[in-house]
Amino acid sequence: MSAWMRLRRTLDRLTIYLPLILFGLLALGSWWLVRSMPELLPPGTDKLLRVEPDYRLEKFTVKSFDISGRMTREISGQSATHFPAKQELHIQNIRIFAENELGTRFQAQARLGVSKEPEQQVDLTGGVFAVRAADQKGPRVTLKGEALTALMDEERLVSSVPVEIVRDGDVFTSETMDFDTRNGHYELQGRVKSVLSPTRKP
C-alpha cells in the first residue's frame, strides 16, 4: 500500500472521530468553567446572591391537611417574597386560619407577616387583629395590636408590645401577652388595665 493511501485512510478516520474529540473538549471546558466560577467572581458575590429572593407569589392561598383530609391551616396573602438565606417568607396582607383536632378555630390578619421556616412561627406586624372563636372551653376572644408572633406548632400567640384583649365584653390592655389559643387562657404582664362589663343577671 502506497504512502498516499495510508495517509488518505488516516485522514478519513480523523474526520470520523473529530466531532467526538471536539465534544469532549467542550465538555472539559464547561466542567472547568463551573469549577473555576467561584474563584473568578469577586469576593462576597456569593453572599450577595444568596440574600436575593428566589421566588415570589401573587394573590395566593396555601392550605394544610391532616392524614384524614381535614384542613388544619390556611395562609393567604396579596403577595409574598421568599428569602432563602434567612429561610423567610414575607407576606403582604396576610390572613391565617387554623383549626386543631378539637375544633378550636383561630383567625388572624395583619399588613405584614414574616413566616420563619426553622422556628415554625409567623411574625405579624401592622394592624394585627386575631380572633379565637367561642367554643365549649370559653367565649370569643379578640386581640388587637401592632405586633404579634404566632407560634404555629404550639398554638400560642405572644407579644412584647401593648395589646388589647376583648373577652366576653371585658377589655384588657397590657404591655406583654402570652395567649394559648387551645384553651383561651392568657398571661398578661407589665402595666395591665381592665374594663369589666357589668355582672349579667341570670
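These notes cover the structure that comes with them. Fair warning: this is a prediction, and the values are worked out from it, not measured in the lab.

Our focus in this paragraph is the pairing of strand β6 (residues 141-151). In terms of residue burial, β6 counts as a mostly covered element, since 8 of its 11 residues are buried. With 10 bridges joining them, strand β5 (residues 121-132) and β6 adopt antiparallel strand pairing. From the neighbouring strand, valine 131 faces β6, where its bridge partner is threonine 142. By the bridge criterion, 5 bridges tie β6 to strand β8 (residues 163-167) in an arrangement that is antiparallel. Looking at the pairing, valine 141 lines up with arginine 167 of β8. The pairing of β6 with strand β7 (residues 156-159) spans 3 bridges and is classified as antiparallel. Paired with alanine 150 across the bridge in β7 is leucine 157. Hairpin connection between β6 and β7: a loop of 4 residues separates the two successive antiparallel strands, and glutamate 155 in this loop has a positive phi of roughly 55°.

With that settled, consider the pattern of salt bridges. Within the structure shown, the criterion is met by 9 salt bridges. Linking aspartate 66 and arginine 70 is a salt bridge whose minimum nitrogen-to-oxygen distance equals 3.2 Å. Residue classification places aspartate 66 among the partly exposed positions, given a relative accessible area of 27%. What makes arginine 70 partly exposed here is its relative accessible area of 27%. Note that aspartate 123 is salt-bridged to lysine 116, the shortest N-O span being 3.0 Å. The class of aspartate 123 is buried, set by a relative accessible area of 16%. On the basis of relative accessible area, lysine 116 is assigned to the partly exposed category, the value being 22%.

The rules behind each value
Residues numbered from 1 in each chain as written. Predicted model: local features only at pLDDT ≥ 70, side-chain atom pairs only at ≥ 80, totals over all residues. Heavy atoms only, no water. Buried < 20%, exposed > 50% of the residue type's maximum accessible area, 1.4 Å probe, protein only. Helix = DSSP H or I, 4+ residues; strand = E, 2+ residues; numbered from the N terminus. Pairing = 2+ DSSP bridges. Salt bridge = Lys/Arg side-chain N within 4 Å of Asp/Glu carboxyl O.

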